[in-house]
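# Report on the structure
So the chains spell out like this:
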Amino acid sequence: MAYEMRVEGEAQAAVSEAEALSEGVVVRDLNAWYGSFQALRQVDLLVAPKRITAIIGPSGCGKSTLIRCFNRMHEVAPGARASGQVLLRGEDIYAPGTDPVLVRRRVGMVFQKPNPFPTMSIFDNVAAGLRLNGFLVRRSELVDTVERSLRQAALWDEVKDKPARPATELSGGQQQRLCIARALAVEPEVLLMDEPCSALDPVATLKIEDLMRELAREYTIVIVTHNMQQAARVSDYTAVMMMAEDRAGEMIEFGPTREIFTYPKDKRTEDYITGRFG
Amino acid sequence: MSGFAYRRRKTTSTLVLGFCAASALVAVGVLALILGFVLAKGISSLNVDLFTKLPRPEGEPGGGVANSMVGSLLTVGIAALIGIPAGVGAGVFLSEYAGARLGNIIRFTADVLTGVPSIVVGVFVYGMVVLKMGHFSALAAGIALAIIMLPIMARSSEEMLKLVPRSQREAALALGITRWRTILSVIIPAARRGLVTGGLLAVARAGGETAPLIFTALGNPFLSLSVAGGPIDALPLRIYRYATGPYSEQHQQAWAASFVLVMMVFAISLTARLVLTRRR
């Protein structure tokens, strides 16, 4: 099976730990549980700044759980907890006394299904992060931020004439880009995307992928996808996860996307990306 | 399968279906009968005076129940002001904060409170408020009705808030919005229709209550707008007074007032239904 790869630039070198520590995300010995069920075991990962890191693996291997630990959304589920370190620009977001609310302002998230606020207009959706966080911003600033975010999300041209229309009138792909704009409006340091295209058609999917490449110039992006072609197309680095015997998710391989897809070191990775299972 | 067993099964099926259909018919029929009966009896005494005039001295013809209508509005208004926010607050706590165990305790308590006979609520408020204040009042009646509304409101708002998808909560939390702000600005607006419906149904329920008013509002043949100043009238109370009295003139007015009360409750319930089903 051949994968279409990104061609731009030189082959990526391995992520340097120093780079991930200063500007990106470093994950060390991360474990996560739902009640007594261990969903993640001893995950280590280096997320390079201003690059796209894809997390792939079969269903139920803990991909989503892993990125939900990057903005402390994992613990929102009842009975969920995590241990280990997630260093955001060198600062452990699991350090005692860290307020998860403040972490989430620095790490944006886009979900599997587009989830704009149905009671709000297009404008208000994008402005929600600023307004509801109680940031005192002038109306003109707010208008500027909304426009900038919508442009960044490649949605501006489609909605500039109808900012007051309900967000629910947009198509699925537009709603997902609106959610991206909403996340960008608070100027996060990292953008997490949890299977952002799984509810979209191929055309909308390509649009989001182009957008991700565009955003990677400024943002550190981590994307979870069950679509290996997508990981190959958009990402710079790929992490492969698998379920262990006891169903806990483990990271089995991590490296530049080109290497993972052309010379996988782990037999399981090879089996997975050649479609032998998963 | 033998023909006998087959026929027996068919017969049983028909009988059970018939019983269920008849029961459903009774439920609908009783409402139709009540409406028809009250309408037939009350329509002849339904006139403008009923809405604008005060009660006449007993035995004298004419007069109306304007004081009772104003009193009902006032007491139910006070009850709504207390009962709806408290009920929604309890609903928010149940749906957003309470763990399984605490939630079950609160839910059970609310259900028991719903089942407390309303006359007992009246006596309770009589002891706690009327005796302390030294006199009957709209406030005391409002508190009694609020206690009736509270568990209904709490349970219905909990259900409505739970209908808001988890993805909405996650979207807000992932933006770094605090929990209370998420509830206030995202979850409650998303559930607002259901909350309004629940509020209207609770108001309709409180508006028809009589027993809690006997010990709290007492009744008053004169127009009163005082919240805490003294006894106040209410429609159900007036109906009860008139219906149990010896004067046929008052019986007629009781029927007319019953009709008005039933129509008010009916209108509120209908509005509640419309709010819930109306398309966006």
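Just above, that's the structure.
On a predicted model such as this, the values are computed, not experimentally measured, just so you know. (Residues numbered from 1 in each chain as written. Chains lettered and ligands numbered in written order. Predicted model: local features only at pLDDT ≥ 70, side-chain atom pairs only at ≥ 80, totals over all residues.)

### Looking at the packing of helix α7 (residues 166-174) of chain B against helix α8 (residues 179-190) of chain B
Residue and element names in this part refer to chain B.
- Two elements in contact, α7 and α8, have axes whose closest approach is 10 Å; the angle formed by their N-to-C orientations is 155 degrees. The orientation of α7 with respect to α8, classified from their angle, is roughly antiparallel. Every pair of crossing elements has a handedness; the one defined by α7 and α8 is right-handed. From α7, Gln168, Arg169, Ala172 and Leu173 reach across to α8, where they touch Thr182, Val186, Ile187 and Ala190.
- Among the residues forming the contact of α7 with α8, the class breakdown is five nonpolar, two polar and one charged. (Axes fitted to C-alpha atoms, helices over the stretch in contact; angles between N-to-C directions. Helix = DSSP H or I, 4+ residues; strand = E, 2+ residues; numbered from the N terminus. Parallel < 35°, antiparallel > 145°, perpendicular 65-115°, else oblique. Left-handed = near helix turned anticlockwise from the far one by under 90°. Contact = placed C-beta atoms within 7 Å. Nonpolar A, V, L, I, M, F, W, Y, C, P; charged D, E, K, R; others polar.)

### Thoughts on the packing of helix α4 (residues 122-132) of chain A against helix α7 (residues 172-185) of chain A
Residues and elements named next belong to chain A.
- α7 packs onto α4 with a crossing angle of 30 degrees between their chain directions and a minimal axis gap of 7 Å. The pairing of α4 with α7 is recorded here as roughly parallel in orientation. The handedness of the crossing between α4 and α7 comes out as right-handed. Counting all contacts with α4, which are made through Ile122, Asn125, Val126, Ala127, Ala128, Gly129 and Leu130, the residues of α7 involved are Leu178, Ala181, Arg182 and Ala185.
- Here the contact of α4 with α7 is built from residues that sort into eight nonpolar, two polar and one charged.

### Some remarks on α4 of chain A
- Extensive coverage of α4 of chain A is indicated by the burial of nine of its eleven residues.
- By the burial criterion, the buried members of α4 of chain A are Ile122, Asp124, Asn125, Val126, Ala127, Ala128, Gly129, Leu130 and Leu132 of chain A.
- In this structure, the buried residues of α4 of chain A make contact with α5 (139-152), α6 (156-159) and α7 of chain A together with α8 of chain B.
- Phi turns positive one or two residues past the end of α4 of chain A, at glycine 134 of chain A, with a value near 75 degrees. (Buried ≥ 20, exposed ≤ 12 C-beta atoms within 10 Å, placed from the backbone.)

### Considerations on the interface of chain B and chain A
- With 15 residues of chain B in contact, the opposing surface of chain A contributes 20 residues.
- Of all elements in the fold, only α7 and α8 of chain B reach the threshold of two or more residues within the side of chain B that touches chain A.
- Sorting elements by how many residues they give to the side of chain B that touches chain A places α7 of chain B first, with six residues.
- Here the side of chain B that touches chain A is built from residues that sort into eight nonpolar, five polar and two charged.

In short, the description is geometric, and any link to function would need to be established separately.
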